Amino acid sequence: KNSNHLMTIDEITNIYLKARNRSWDMFIDNEASLNDLDFDKVNKLIGKINNSRDIKIAEDPLSFLRKYDLITSEEITNAAMLLFSKKPLFYSEIQIGLFQTDTVIKKSLTIKTDLLSEVDLVMDFIMSHITKEYIITGKPQRDERWQYPLSAVREFIVNAIIHRDYRSGVHSQFRVYKDKLVIWNIGKLPGDISIEDLYSGSEKSTPRNLKIAEIFKEVGLIEKYGSGVKRAIDEIVSYNLPQPEIKEISGGINVDIFGEKSSEKTVEKTVEKTVEKTVEK
């Protein structure tokens with residue numbers, strides 16, 4: 001309104017990038033070269049994209065990178081490094097753990113790899129430490145029900161990876177408890193988007209990392225910008241679980257995904273509950 005406040009460097013940078021319709025991942029990594037990229041990963045990505053579309057990508061990996069502006073001449077963008085780097089990157093680090101309490105960690109895993117692989121590795125860890133029910137319905141094949149709807153969990157993971165502020169160097173933190181999942185990611189919401197907008201699905205989101213989001217969209221990990229969070233929330237609620245809690249804390253976004261309310265649980269079918277075996281990473 002009529003008050004003033006001193007803008008931070010990050011706020012000034014974000015306004016500048018938004019005004020130019022650019023994002024940090026589109027800029028050149030001056031310390032990187034083509035030798036730092038894993039072209040097997042590029043080929044693998046092209047194959048995934050071709051599996052999901054009628055018009056196939058015919059370009060070789062180098063031409064593909066140029067077509068999507070992931071490299072310019074011989075210069076490598078930050079997005080290309082995050083998506084196809086040969087070596088581990090400290091600024092893509094994710095720490096995920098199995099927590100007995102807030103202070104007792106039973107198992108942990110540090111992930112420093114390309115962003116597409118991180119989605120699968122995080123999902124593998126979570127699926128190894130949550131429960132799955134086998135529901136006997138009288139049909140030849142029993143039904144399976146995971147503790148949480150996996151597609152909704154994946155949506156929150158993908159959203160965290162796409163919208164993370166990689167400039168900060170602060171790692172993402174994912175926690176698996178007996179009765180909840182916690183996802184914390186560095187990077188505040190843009191000034192024109194509120195937490196309430198996420199719940200209502202009314203936000204018109206511009207991804208923090210435009211190039212990364214474009215590639216994730218091409219491979220089918222997101223559908224369109226701004227709709228994923230609301231869709232994931234609706235899926236979790238329709239799964240008879242409490243609405244996830246989203247809040248801004250410690251300079252980032254925290255999401256709590258809660259397990260089933262035991263007081264509301266009703267048994268209408270014969271259920272065999274098993275806990276998936278722990279997989280050592």
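The preceding data block contains the structure.
Each chain carries its own residue numbering, running from 1 in the direction its sequence is written. Local features are withheld for residues below a pLDDT of 70 in this predicted model, meaning they are given only at 70 or higher, and side-chain atom pairs are given and counted only at 80 or more; totals for whole chains, interfaces and linings count all residues. Neither water nor hydrogens contribute to the side-chain values; these are computed over all heavy atoms in the structure.

Definitions used throughout: a 1 Å grid over protein atoms alone; a cavity as a set of points that fits a 1.4 Å probe which cannot get out; a pocket as an open set with protein on both sides within 12 Å along at least five of seven lines; a lining residue as one with an atom within 4 Å of a point. Grid points are joined across faces, edges and corners, and a volume is the space filled by probe spheres set on the points. Scanning the model with the defined rule gives one cavity of 30 Å³ or more in all. Space inside the largest cavity adds up to approximately 40 Å³. In terms of lining residues, the largest cavity is bounded by Ile 96, Ile 126, Phe 174, Arg 175, Val 176, Leu 181, Val 182 and Ile 183. Only β7 (172-176) and β8 (180-186) provide two or more residues apiece to the lining of the largest cavity. Of the residues belonging to the lining of the largest cavity, the class tally is seven nonpolar, no polar and one charged. Here a strand is any run of E in DSSP of at least two residues, a helix any run of H or I of at least four, and the numbering for each starts at the N terminus. Residue polarity follows a fixed list, in which Ala, Val, Leu, Ile, Met, Phe, Trp, Tyr, Cys and Pro are nonpolar, Asp, Glu, Lys and Arg are charged, and the others, Gly among them, are polar.

Glancing now at the nonpolar core. Throughout this description, the term nonpolar core refers to a set of buried Ala, Val, Leu, Ile, Met, Phe, Trp, Tyr and Cys residues connected via side-chain atoms within 4.5 Å. The buried label goes to any residue with under 20% of its type's maximum accessible area, the exposed label to any with over 50%, and the partly exposed label to all in between, with areas taken from a 1.4 Å probe on protein chains only. One finds Phe 64, Leu 70, Phe 156 and Phe 216 to be the most contacted residues of the largest nonpolar core, which totals 70 residues. The greatest single-element share of this core, amounting to eight residues, is contributed by helix α6 (residues 150-163).

On to the pattern of salt bridges, then. Any carboxyl oxygen of Asp or Glu within 4 Å of a side-chain nitrogen of Lys or Arg constitutes a salt bridge here. For the structure on display, the rule yields 12 salt bridges. Here Lys 211 and Glu 214 are joined by a salt bridge, their closest N and O atoms 2.8 Å apart. Of this pair, Lys 211 and Glu 214 both sit in helix α8 (residues 210-218), three residues apart, which is roughly one turn of the helix. Of the residues examined, Lys 211 reaches a relative accessible area of 11% and is grouped as buried. We classify Glu 214 as partly exposed; its relative accessible area is 25%.

Purely geometric numbers; function is a separate question.
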